[in-house]
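Breakdown of the fold
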Amino acid sequence: MRFILSSALVALALLPPALTQDSQHKLSTVDDVLSETKGGPKDAGAAAGATNSEAISDESTKFNGIKVPPMKELNGDDFDKDIKDGYCDCTYMANITSKPVTASKSPEKQTGLNSFHRYYDFHFASLDCIAFGDACNKHDVTAFPTFSLFKDGKFVKKFEGHKDMAGLSGFVEETLETIRPGSRPKDGPKLPEVGATEVDTGAGPEKLLAKDKDVVAGAAAGSKHNVIASAADAEGTQTPTAKDRITKVPKRPSKSHLTPNPIGTSVSLNQESFQKLVTNTQDPWFVKFYAPWCHHCQALAPSWLQMSKELQGKLNIGEVNCDAEPRLCKDVRVRAYPTIHFFRGGERVEYDGLRGLGDLVSYAKKALDIGKGVVDVDAATFKEMEETEEVIFLYFYDHATTSEDFEALDRLTLSLVGHAKIVKTDSSVLAERFRISTWPRLVVSRDGRASYYNALSPRDMRDFRAVLGWMQSVWLPLVPELTASNAREIMAGKFVVLGILSRERADEFVLDKREIKNAALDWMEKQTHNFQQERQELRDAKQLRLEEAEDRGDQRALRVAKSMQINIREEDKKQVGFAWVDGVFWERWIRQTYGIDVSNGERVIINDEDNHRFWDTTESGAYIVPSRTSILETLKEVVSGSSKLSSKSSTGFLQQIFFMVTGPFSHHPWISIGVLLGIGLGGSYWGKKRMRRTKGGTGGFFQLDGKEGLLNGGGYGKAD
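Predicted, not measured: the structure shown is a model, and the values here were computed from it.

About the thresholds
Residues numbered from 1 in each chain as written. Predicted model: local features only at pLDDT ≥ 70, side-chain atom pairs only at ≥ 80, totals over all residues. Heavy atoms only, no water. Helix = DSSP H or I, 4+ residues; strand = E, 2+ residues; numbered from the N terminus. Buried < 20%, exposed > 50% of the residue type's maximum accessible area, 1.4 Å probe, protein only. Contact = heavy atoms within 4.5 Å. Areas by Shrake-Rupley, 256 points an atom, 1.4 Å probe, with all protein chains shown as cover. Pairing = 2+ DSSP bridges. Right-handed = clockwise from strand over helix to strand, strands pointing away. Arc of directions from axis to C-beta. Polar contact = N/O pair within 3.5 Å; in protein donor to acceptor, adjacent residues only side chain to side chain. Axes fitted to C-alpha atoms, helices over the stretch in contact; angles between N-to-C directions. Disulfide = S-S within 2.5 Å.

Right, let's get into the overall build of the chain. Within the chain, the regular secondary structure consists of 23 helices and 24 strands. Scored against the burial criterion, the 720 residues of the chain give a buried share of 40%. Across the chain, every contact between residues at least 6 apart in sequence was considered, and the portion connecting residues at least 24 apart equals 71%. Accessible surface, the chain: about 42100 Å² in total, of which carbon and sulfur atoms supply 52%.

The next point concerns the pairing of strand β15 (residues 421-425). With four of its five residues buried, β15 lies for the most part within the structure. Judged from the two bridges that link them, strand β13 (residues 375-376) and β15 form a sheet pairing that is parallel. What sits directly across from Val375, in β15, is Val423. Alignment of strand β14 (residues 391-396) against β15, held across five bridges, turns out to be parallel. The residue bridging Ile392 from the neighbouring strand is Lys421, located in β15. Taken together, β14, helix α13 (residues 403-413) and β15 constitute a β-α-β crossover, and its handedness is right-handed.

So, about helix α8 (residues 271-279). Considered for burial, the residues of α8 that qualify are Ser273, Phe274 and Val278. Buried residues of α8, seen end-on, are gathered within an arc of 100° and therefore sit on one face of the element. Residues of α8 that are exposed and point more than 90 degrees away from the buried face comprise Glu272 and Lys276. At the N-terminal end of α8, a side-chain oxygen is found 3.2 Å from the backbone nitrogen of Glu272, two or three residues along, and the residue is Asn270.

This part takes up the sheet that holds β15. Pairing within the open sheet is mixed, and its five strands lie in the order β13-β15-β14-β16-β17. Both edges of this open sheet fall to β13 and β17 (449-452), since each of them pairs with a single strand only. One ladder, built from four bridges, connects strand β16 (residues 441-446) with β17; its direction is antiparallel. Paired with Val443 across the bridge in β17 is Tyr452. On the sheet, helix α12 (residues 379-388) packs against β14, β15 and β16 and is oriented at approximately 160° with respect to β14.

An order of β8-β10-β9-β11-β12 is seen for the five strands of this open sheet, with the pairing classed as mixed. Whereas interior strands pair on both sides, the edge strands pair on one side only; in this sheet they are β8 (267-268) and β12 (347-351). When strand β9 (residues 284-290) meets strand β10 (residues 316-321), the two strands line up parallel, connected through six bridges. Counterpart to Val287 in the pairing with β10 is Gly318. Relative to the sheet, α8 contacts β8, β9, β10 and β11 (339-344), its axis offset from that of β9 by approximately 150°.

Quick look at the state of the cysteines now. Taken as a whole and assessed by the stated rule, the structure comprises one disulfide. Each sulfur in the disulfide pair Cys322 and Cys329 lies 2.1 Å from the other. A torsion of -90° about the S-S bond marks the disulfide between Cys322 and Cys329 as left-handed. On the basis of relative accessibility, which here comes to 5%, the residue Cys322 falls in the buried class. The class for Cys329 is buried, based on a relative accessible area of 4%.

Quick look at the structure:
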């Protein structure tokens with residue numbers, strides 16, 4: 001039986017000769033290198049290639065007694081052909097391959113069907129960018145050294161980590177693990193010293209690799225491969241290679257080096273210029289979609305123009321006339337005017353805040369800050385950020401974190417504009433503080449209180465929608481300020497402890513905010529404890545049923561007890577949120593809705609927006625004030641549904657009647673549909689019955705020769 005070899009995975013080390021002696025030297029672009037030889041004779045490239053050949057030894061070496069062939073040096077003219085056919089050999093990685101099933105009795109040849117090359121179908125090679133500059137330009141090599149991974153002749157990903165033995169080893173280990181899950185050492189291999197000819201393969205590494213591995217699946221795959229390899233060895237045939245599971249990373253638009261918004265104005269964009277300047281680049285743009293006849297657009301125009309001037313040299317500002325470019329506005333899904341989007345490459349996020357100059361500039365600066373990418377921080381920098389930022393997302397990574405992980409992280413940044421900051425770290429101090437034991441890991445710190453995204457594997461961390469959904473649920477501060485843009489997000493679907501405060505009394509304002517925040521922390525701690533206790537009680541009850549069933553020997557009861565699932569989540573209960581509102585700025589709304597005047601002192605209410613009601617007094621009848629005791633005692637009674645407290649309506653009399661009628665329909669849509677269908681069918685039946693009675697002739701009217709009369713009616717009309 002013949003087995004077909006799949007195409008090889010090739011790791012390309014793109015090294016110019018100058019770097020063989022000084023690894024710290026960097027050239028900014030390929031053109032910088034090519035300029036040194038541009039215009040020279042053709043033999044100069046060959047000579048340069050010879051220099052690189054000298055750096056990479058032509059002779060095989062031995063490592064742990066196994067012959068390791070030299071690194072394959074590719075020819076740029078045949079580059080695509082070489083990597084497609086997998087014509088490359090392994091260098092130093094042969095030392096960590098498990099014991100092979102050899103096809104040769106000579107231990108030095110190691111041509112076994114279970115050797116490193118045949119087991120992983122993974123090879124190493126190099127390409128000289130001075131001798132073959134065109135090939136390097138074709139693959140977007142802009143700095144040296146560059147390490148890229150190819151599969152089946154196609155680019156997969158680029159190595160972005162530290163260019164040392166540990167960093168490259170982690171990169172290769174991650175790739176090998178995707179080819180053969182569970183086949184690599186759980187904690188990573190022990191790395192040899194530079195220039196060493198042997199290493200203890202049984203020893204553990206000095207620094208553990210944090211990678212998720214399916215050990216069971218890997219062991220099964222390895223056993224199956226060994227059986228096939230042994231059988232193939234007896235028959236003298238070849239073994240099939242592994243199917244790679246690496247997903248190709250799409251090429252991202254390039255980022256120009258031009259100064260953004262050089263003259264401080266809003267650029268008018270059409271279909272062609274929008275695609276060229278916005279879509280096909282990584283440059284950030286703040287774009288307004290408008291219609292000339294729109295009054296709101298006309299009111300926005302002065303602030304938009306002034307914002308363009310203030311952001312000169314910082315952020316590109318643009319605008320699209322949707323009357324002139326209807327197709328472009330349709331593609332962007334503009335449904336109202338004006339619509340404002342922040343763009344970065346092919347991604348965008350809609351701005352839904354206030355349209356004042358200060359609001360626009362503040363949002364644009366935050367967007368620009370996030371648009372620069374995820375900043376790497378250490379423990380000291382993070383501590384400084386905590387003093388100024390209420391919500392910070394912290395992404396923990398290590399040297400085994402892949403480029404796909406960082407790509408997924410970058411996708412999240414745009415959605416966080418105007419909400420929270422996100423940073424990344426590999427700090428051991430921060431990892432110890434937040435008790436991180438697996439990487440990568442995502443944590444949010446809200447006023448120093450940590451919450452964790454529960455991902456089971458790095459693949460879960462790359463699930464954009466799931467991660468973003470979790471981030472949206474926790475990106476508000478513990479006690480946010482209620483504004484027009486976030487009111488629905490804060491108030492809907494939960495009880496909200498709302499502090500009505502005044503900035504005019506600065507000292508009281510700071511103390512009151514602190515009291516509300518302390519009340520929020522105490523409530524959350526207590527709720528978390530109660531939740532864990534309730535879940536433990538359910539577990540104890542299940543265990544008790546299991547023990548009773550085993551003692552009685554009742555197999556049916558035992559199966560029922562084992563099938564019991566503890567489905568309890570904090571989200572299933574109506575949540576409690578905390579917020580504060582500027583009672584002076586929103587004085588009119590607060591007075592009309594809650595009947596409170598902040599000039600008489602700071603107050604606190606507990607609002608239930610879903611049922612249009614609120615509580616503003618304690619059990620004793622006193623007003624709720626910004627005090628931890630006053631808030632927590634009243635909140636407990638409200639959440640438990642105690643009859644000791646009576647609520648007030650946050651709507652007028654007519655609105656109350658309307659919500660009383662429509663409330664049941666909005667909360668129970670299927671019942672509402674059934675009631676409406678029943679009313680419709682009943683009305684139809686009654687109408688048809690009425691019509692039959694009318695047409696039946698008992699006491700009914702009829703027309704005869706244009707005259708009206710009564711049948712059997714005993715009437716007083718005349719009849720001919």
